[in-house]
Amino acid sequence: MADTHTPDGDRDREAEAGADVRVGVRTRSLSPPRLRYIRQLGATDVFVDHADVDEEPDEFNDREASVTLEVGRDAIPSVAELVEAREHVEAAGLTLTGIQSLPYSLYGDVMFDREGKEDVIEQIATLIRNLGEAGIPILGYQWNPRGVVPMRTDPVEIRGGAIGTAFDYDELEAPDELAPGIDREYTEEEFWENYEYFLEQVLPVAEEAGVDLALHPVDPPVLESMCGIPRLCRSVENFEKAMELVPSDNHGLKLCLGCFSQMGEDVEEVLRTFGARDEIVFIHFRDVEGEVPKFHETFVDEGNFDTSEVVRTLHEIGYDGAVIPDHVPLMEGDDDWRHRGRGFTVGYLRGVIDTVRSERR
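Residues numbered from 1 in each chain as written. Predicted model: local features only at pLDDT ≥ 70, side-chain atom pairs only at ≥ 80, totals over all residues. Heavy atoms only, no water.

Draft legend 1. Here's a closer look at the overall build of the chain. In terms of helices and strands, the chain carries eleven helices and 14 strands. Against the globule reference of 21 Å for 361 residues, the chain gives a C-alpha radius of gyration of 20 Å, in line with a compact fold. When the backbone C-alpha atoms are referred to their principal axes, the chain occupies close to 60 × 50 × 45 Å. Counting only residues that meet the buried cut, the chain has 56% of its 361 residues in that class. Of all intrachain contacts in the chain linking residues separated by at least 6 positions in sequence, the fraction that spans at least 24 positions is 74%. With 34 positive and 78 negative side-chain charges, the chain shows a spacing of 5 Å between the two charge centroids. (Helix = DSSP H or I, 4+ residues; strand = E, 2+ residues; numbered from the N terminus. Rg over C-alpha atoms; globule rule 2.2 N^0.38 Å. Buried < 20%, exposed > 50% of the residue type's maximum accessible area, 1.4 Å probe, protein only. Contact = heavy atoms within 4.5 Å. Lys, Arg positive; Asp, Glu negative; His and termini not counted. Charge placed at Lys NZ, Arg CZ, Asp CG, Glu CD.)

Draft legend 2. Helix 11 (residues 339–359), seen in detail. Along its 21 residues, helix 11 runs 30 Å from first to last C-alpha, staying within 8% of the 30 Å computed at 1.5 Å per residue. The secondary structure elements touched by the buried residues of helix 11 are strand 1 (20–27), helix 2 (32–41), strand 11 (280–285), helix 10 (307–316) and strand 14 (320–325). (Expected span 1.5 Å × (residues − 1).)

Draft legend 3. Fine view of the nonpolar core. Ranked by size, the top nonpolar core spans 104 residues in total, and within it Trp143, Tyr195, Phe198, Leu255, Ile283, Phe285 and Val323 carry the most contacts. The contacts of Phe285, once residues within four sequence positions are left out, are Leu257, Val300, Phe305, Thr307, Val310, Val311, Leu314, Val323, Ile324, Pro325, Asp326 and Leu349. (Core = buried A, V, L, I, M, F, W, Y, C linked by side-chain atoms within 4.5 Å.)

Draft legend 4. Structural detail: the sheet that holds strand 13 (residues 294–297). Pairing is antiparallel in the open sheet, where four strands are placed in the order 5-6-13-12. For this open sheet the edge positions go to strand 5 (153–157) and strand 12 (288–291), each flanked by a neighbour on one side alone. Neighbouring strand axes in the sheet, compared pairwise and without regard to direction, differ in orientation by 25° on average. Here strand 12 pairs with strand 13 via four bridges, running antiparallel. (Pairing = 2+ DSSP bridges. Axes fitted to C-alpha atoms, helices over the stretch in contact; angles between N-to-C directions.)

Draft legend 5. Focus on the packing of aromatic side chains. Tallying each qualifying case throughout the model produces 19 aromatic pairs. The interplanar angle of 25° and the centroid separation of 5.8 Å between the aromatic rings of Phe167 and Phe295 together place this pair among those described as stacked. Of the two residues, Phe167 sits in strand 6 (residues 163–168) while Phe295 sits in strand 13, which places them 128 residues apart along the sequence. In this structure, Phe167 and Phe295 share a single accessibility class: buried. (Phe/Tyr/Trp six-rings, centres within 6.5 Å; stacked < 30°, edge-to-face > 60°.)

Draft legend 6. Broad picture of the pairing of strand 13. Across three bridges, the pairing between strand 6 and strand 13 is antiparallel. Residue pairing in the sheet places Ala166 in a bridge with His296 of strand 13. Between strand 12 and strand 13, which pair antiparallel in sequence order, lie two residues.

Draft legend 7. How the structure looks around the packing of helix 6 (residues 188–209) against helix 7 (residues 236–245). Closest axis-to-axis distance for the helix 6/helix 7 pair is 10 Å, and the angle between their directions is 40°. When the axes of helix 6 and helix 7 are compared, the pair comes out oblique. Between helix 6 and helix 7 the crossing geometry is right-handed. Residue-level contacts link Glu188, Trp192, Tyr195, Glu196 and Leu199 of helix 6 to Asn238, Lys241, Ala242 and Leu245 of helix 7. (Parallel < 35°, antiparallel > 145°, perpendicular 65-115°, else oblique. Left-handed = near helix turned anticlockwise from the far one by under 90°.)

Draft legend 8. How the structure looks around the sheet that holds strand 7 (residues 212–216). Within the closed barrel, the eight strands sit side by side as 1-2-3-4-7-10-11-14. Their pairing is parallel. Going from strand to strand, the sheet's axes swing by 30° on average, the running direction of each strand aside. In this sheet, strand 14 lies alongside strand 1 in parallel orientation, the contact comprising four bridges. Note that in strand 14 the partner of Val21 across the bridge is Gly321.

Draft legend 9. Expanded view of the confidence of the model for the chain. Summing up the model confidence of the chain, the mean pLDDT is 92 and the portion of residues at 70 or higher is 92%. For residues 1–11, every residue scores under 50 in pLDDT, and the model assigns this stretch five contacts once sequence neighbours within four places are set aside. (pLDDT = per-residue confidence, 0-100.)

Draft legend 10. Summary view of the side chain of Asp326. Here Asp326 shows up in the loop between strand 14 and helix 11. Under the relative-accessibility criterion, Asp326 is labelled buried at 2%. At a separation of 3.4 Å, a polar atom in the side chain of Asp326 contacts the side chain of His327. (Polar contact = N/O pair within 3.5 Å; in protein donor to acceptor, adjacent residues only side chain to side chain.)

Draft legend 11. Layout of the pairing of strand 3 (residues 95–99). The buried fraction of strand 3 is high, at four of five residues. Here strand 2 (residues 45–48) runs beside strand 3; their pairing, made up of four bridges, is parallel. Opposite Phe47, over in strand 3, you have Gly98 as the bridge partner. For strand 3 and strand 4 (residues 138–142), the ladder comprises two bridges, and the chain directions are parallel.

Listed below in structure tokens is the structure:
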């Protein structure tokens, strides 16, 4: 906790002394060639994506992964399996820092207060305990039914003909109709109650296990409801509420810069706000052009915010953790993991981080 009587310049230097901004990568595949490629890029931290691509189609991850770590409903990896995965990643000179996100099948029944919620809560608790025993410190999650509510509309061409995903509310066919499998419209109040129940059950387990839970925004944010489903994690104010609902030192943000940029927020101020609260677990580093209700994703050296200034802010707040390229553009010759788009982003971020670090010496 910073001394409130410390002059601002001294406080900044104290924060910078603790800063350790690293570049990580999310990947479903843990194959030796994939890990070698990540290491060759100079990234250090690996966050593994769950294996079920049919449940949550994702344009940014492997469609096939012969070597992976399966995480899903009724598929909770044992301590031995997690240790094996961690040691496999470490043998490549990398660190298995966490699970990128829980799939919707592992939290949907809690979100909608459906039969079976106690079973999935116990599965999530088992996953948290196993992660702690295996020495893997982070579990990302979101409160957003991926694959149920539309996330993007038609993609767009960006620099040089690369492809960026996009969202245009006016292109949605039926945003006010109930989503498939949803029998009624839900209120925000009951969604907050269901979310509080989730936190009450899992945060004590995380505290005991020494695992940090990291909450991602809904994407797209800002919108209060879509397809009959409230969108809780849509604003800075709602994130503050989420953190205060069941206070815990083991709960924080998977702070997606792109989502806060889509909100129209000053992302540097967002970082200062949650950095001062010590609630940033790790960061998705991406940006967009435009804001909700219409935006598109782009290269990390373009977009709404200044990448260099954001990295300077991370040093100023003493951020000690990973930044992860998330939704990277599809470049010429890319594979389904977008290895070229991801490689460009890792290299660009490493260059900016090294430059800012040298400025601060």
